[in-house]
There are 2 protein chains.
Amino acid sequence: MILKSQVEWVLHCCAILAGLPDGRYLSTKALAELHGLPKEYLSKALQSLSQAGLVHSTLGPSGGYRLARPPAELTFLDIAEAVEGKARTFVCANIRANNPCRPKGYCDSSPCAVARIMWEADEAWRQKLRSVTLADLGEILSQETPPAIWNDTFEWVLKRAG
Amino acid sequence: MILKSQVEWVLHCCAILAGLPDGRYLSTKALAELHGLPKEYLSKALQSLSQAGLVHSTLGPSGGYRLARPPAELTFLDIAEAVEGKARTFVCANIRANNPCRPKGYCDSSPCAVARIMWEADEAWRQKLRSVTLADLGEILSQETPPAIWNDTFEWVLKRAG
DNA sequence: AAATTTAGGGATATTTTATATCCATAATAT
DNA sequence: ATATTATGGATATAAAATATCCCTAAATTT
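Quick notes on the rules
- Residues numbered from 1 in each chain as written.
- Chains lettered and ligands numbered in written order.
- Predicted model: local features only at pLDDT ≥ 70, side-chain atom pairs only at ≥ 80, totals over all residues.
- Heavy atoms only, no water.
- Near = heavy atom within 4 Å.
- Polar contact = N/O pair within 3.5 Å; in protein donor to acceptor, adjacent residues only side chain to side chain.
- Helix = DSSP H or I, 4+ residues; strand = E, 2+ residues; numbered from the N terminus.
- Nonpolar A, V, L, I, M, F, W, Y, C, P; charged D, E, K, R; others polar.
- Axes fitted to C-alpha atoms, helices over the stretch in contact; angles between N-to-C directions.
- Parallel < 35°, antiparallel > 145°, perpendicular 65-115°, else oblique.
- Left-handed = near helix turned anticlockwise from the far one by under 90°.
- Contact = heavy atoms within 4.5 Å.
- Least-squares fit on C-alpha atoms with pLDDT ≥ 70 in both.

Draft legend 1. Layout of the protein's contact with DNA strand C. For DNA strand C, the set of nearby residues contains 27 residues, the closest of which are Tyr41(A), Pro61(A), Lys44(B), Ser50(B) and Tyr65(B). Take the atoms of DNA strand C that sit within 4 Å of the protein: sugar and phosphate atoms are 61% of them. One of the side-chain nitrogen or oxygen atoms of Ser5(A) is found 3.3 Å away from a phosphate oxygen of DNA strand C. Here Thr28(B) contributes a backbone N or O atom positioned 2.9 Å from a phosphate oxygen of DNA strand C. Among the elements that line the surface near DNA strand C, the one with the most residues is helix H3 (residues 39–51) of chain B, at four residues. Looking at side-chain class alone, the surface near DNA strand C contains nine nonpolar, 13 polar and five charged residues.

In structure tokens:
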């Protein structure tokens, strides 16, 4: 069970978009080049963000993406779920119902205990991701990225931002 | 990102094995029949448990599996990892290293912040699963499964246990 | 001793998901 | 007008999940 690589991609892209001045947009092309990613496929991932309402897009030259909300209001969970979907990682096939000792047509009053526990673990994962925002990430990155690289990167980005 | 259905299978199988009297074994055939699962493929999942040292197996007629440890010492995480592997769900491709603004040959001093956060979420998931044992599951199941079904099931199982 | 039943391992097949690539379209900027 | 962009649809390839089958060695039952 491995998360799509697109999750990593859009998290990094959002970190960049979070550093963009108000009203500026950054294109798929620039984001792909900056991260060394296949442009067409990254585009699909960014479209997922757009469909989830996390980013706003605009067309034409100087078009691209910007965040739809302030970085403090965008969580890792929002972003991961936009790409990965909101479904739980544990799917209960309710195999207890196949037990030959069951009366035929017997109906369970509550979800299977196994599933409930697995879903609690899922929720713990979600809760952690819900607790970290793009603002948090930006703060960490700005502190631990060498200033030379940090500054060069945003200079590079601003040169390409519409 | 969905867990293998085998995870569900072995959790239910272990719940049954946890209810087996000391020294008795239950075969793949019986476990597959009890849960309505494909015997051959379930067998692969049980072999994973065996390789992880969670169960002990014995050959021949009246052979099969029993738990290798008391139910209180077997966690959901042990079982899930036996089937699913111990790898983290977030794989960091370190795409920050593709940033064209980086000095060539620059080496990061710590793992990427994005990865660290995703791994913390992974760890929250693991921690939850580590906190629930087969003994806990057994207690829940014995309480909420209708006694008739519960008793019939173990009668059914004991008739087939070696 | 022979026949049966089992776990284990290897090979292979099928289906589904992830990872792309390509193209047509409509909107926007220069 | 021309160039550039996001979007959506179609298609292709690679990898993983979900099996199935067969063989072997060990243990049990007869």
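Draft legend 2. How the structure looks around the protein's contact with DNA strand D. Looking at DNA strand D, there are 28 residues lining it, with Lys44(A), Ser50(A), Ser57(A), Tyr65(A) and Tyr41(B) nearest. Taking the atoms of DNA strand D that fall within 4 Å of the protein, sugar and phosphate contribute 60% of them. Contact distances for DNA strand D include 3.1 Å between a sugar or linking oxygen and a backbone N or O atom of Gly60(A). Between DNA strand D and Tyr65(A) there is a distance of 2.3 Å, counted from a phosphate oxygen to a side-chain nitrogen or oxygen. Of all the secondary-structure elements, those providing two or more residues to the surface near DNA strand D are helix H2 (28–35), helix H3 (39–51), strand S1 (55–58) and strand S2 (64–67) of chain A together with helix H1 (5–18) and H3 of chain B. The element best represented in the surface near DNA strand D is H3(A), accounting for five residues. Broken down by class, the residue content of the surface near DNA strand D amounts to nine nonpolar, 14 polar and five charged.

Draft legend 3. Representation of the packing of helix H1 (residues 5–18) of chain A against helix H4 (residues 76–84) of chain A within the structure. All names here are of chain A. Two elements in contact, H1 and H4, have axes whose closest approach is 9 Å; the angle formed by their N-to-C orientations is 135 degrees. Taken together, H1 and H4 sit at an angle that is classed as oblique. Note on packing geometry: the crossing formed by H1 with H4 is right-handed. Packed against H1, whose contacting residues are Gln-6, Val-7, Val-10, Leu-11 and Cys-14, the element H4 presents Phe-76, Ile-79, Ala-80, Val-83 and Glu-84 at the interface. Each residue belonging to the contact of H1 with H4 can be placed in one class, and the counts come to eight nonpolar, one polar and one charged.

Draft legend 4. Quick peek at the relation of the copies chain A and chain B. Least-squares fitting of chain A to chain B yields an RMSD of 0.0 Å, with the transformation described by 0.0 Å of translation along the axis and a rotation of 180 degrees. The operation mapping one copy onto its partner corresponds to a two-fold rotation axis. For chain A, the smallest separation between a C-alpha atom and the rotation axis is recorded for Trp125(A), amounting to 2.5 Å. The overlap is high: 100% of the interface residues of chain A also sit at the interface in chain B, so the same surface is used on both sides.

Just distances and angles here, no functional claims.
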